[in-house]
Amino acid sequence: MSESNKIKVEICLGTTCYVLGSFRLSTLEEQLPEDLRGVVDVVGSACLDLCHDRNYGNAPFVRVNGDRIVDNATVEKVIDVIREEVTAGGKQA
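Residues numbered from 1 in each chain as written. Predicted model: local features only at pLDDT ≥ 70, side-chain atom pairs only at ≥ 80, totals over all residues. Heavy atoms only, no water.

### Observations concerning the packing of aromatic side chains
Note the cut-off: For this analysis, a ring pair means two rings from Phe, Tyr or Trp (six-membered ring only for Trp) whose centres lie within 6.5 Å, classed as stacked if their planes differ by under 30 degrees, edge-to-face if by over 60, and tilted for the remaining angles.
Summed over the entire model, instances satisfying the criterion amount to one aromatic pair. Seen in terms of ring centroids, tyrosine 18 and phenylalanine 23 are 5.5 Å apart; in terms of plane orientation they differ by 50°. Their pairing is tilted.

Structure follows, in structure tokens:
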């Protein structure tokens, strides 16, 4: 699958997110189920700038495909969102 067709997962590594658990997400790519490994591009972000706006929930934050925000992010929660994106986008997992 080409890079442009992959689901982009941005993990916030800003101080607040990091302290509240985004460091646990650093192994997300390694923990992806085999069927999702080819459709996901995981990157770190210095800051997603979401902490100041409580409308997004609580840190740590992950942004999926540029517009979907996962708050209180855990590996399991992010994998669930990736599966939803795969299903909604018709991507082959």
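### Re the sheet that holds strand 2 (residues 40–45)
Selection rule: Strands were regarded as paired on the criterion that DSSP finds at least two bridges between them. Secondary structure elements are taken from DSSP: a helix is a run of H or I of four residues or more, a strand is a run of E of two residues or more, and numbering for both begins at the N terminus. Every axis in this analysis is a line fitted to C-alpha atoms, fitted for helices over the stretch in contact. Angles between the N-to-C directions lie between 0 and 180 degrees.
Ordered by their spatial adjacency, four strands build an open sheet running 2-1-3-4, and the pairing between neighbours is mixed. Among the strands making up the open sheet, the edge pair consists of strand 2 and strand 4 (68–70). Neighbour to neighbour, the strand axes of the sheet diverge by 20° on average, direction disregarded. Direction of pairing for strand 3 (residues 62–64) relative to strand 4: antiparallel, over a ladder of three bridges. In the strand pairing of strand 4, arginine 63 is matched with isoleucine 69.

### A short note on the nonpolar core
Selection criterion: Only buried residues count toward a nonpolar core, which is a set of Ala, Val, Leu, Ile, Met, Phe, Trp, Tyr and Cys residues joined through side-chain atoms within 4.5 Å. For each residue, the accessible area found with a 1.4 Å probe, counting protein chains only, is set against the maximum for its type, and the residue is called buried under 20%, exposed over 50%, and partly exposed in between. The contact criterion used throughout is that any non-hydrogen atoms of two residues lie within 4.5 Å.
Membership of the largest hydrophobic core comes to 20 residues, with the highest contact counts inside it found for Val9, Leu28, Val62, Val78 and Ile82. Those elements that place two or more of their residues in this core are strand 1 (7–12), strand 2, strand 3 and helix 3 (75–89). Looking at this core, the element that brings in the most residues is helix 3, giving six residues. With residues up to four places along the chain from it excluded, the contact list for valine 9 reads Leu28, Val40, Asp41, Val42, Val43, Val62, Arg63, Val78 and Ile82. By size, the runner-up hydrophobic cluster in this structure holds six residues, among which are Cys12, Cys17, Leu50 and Phe61.

### Notes on helix 3
As a reminder of what qualifies: In this analysis, the expected span of each helix is defined as 1.5 Å times one less than the number of residues it contains. Arc definition: directions from the helix axis to the C-beta atoms.
Spanning 15 residues, helix 3 covers 21 Å between terminal C-alpha atoms, matching the ideal 21 Å at 1.5 Å per step. Within the span of helix 3, buried status applies to Val75, Val78, Ile79, Val81, Ile82, Glu85 and Val86. Angularly, the buried residues of helix 3 cover 160° about the axis, an arc narrow enough to put them on a single face. Opposite the packed face of helix 3, turned more than 90 degrees from it, sit the exposed residues Glu76, Thr87 and Ala88. On its buried face, helix 3 is in contact with strand 1, helix 2 (28–31), strand 2, strand 3 and strand 4.

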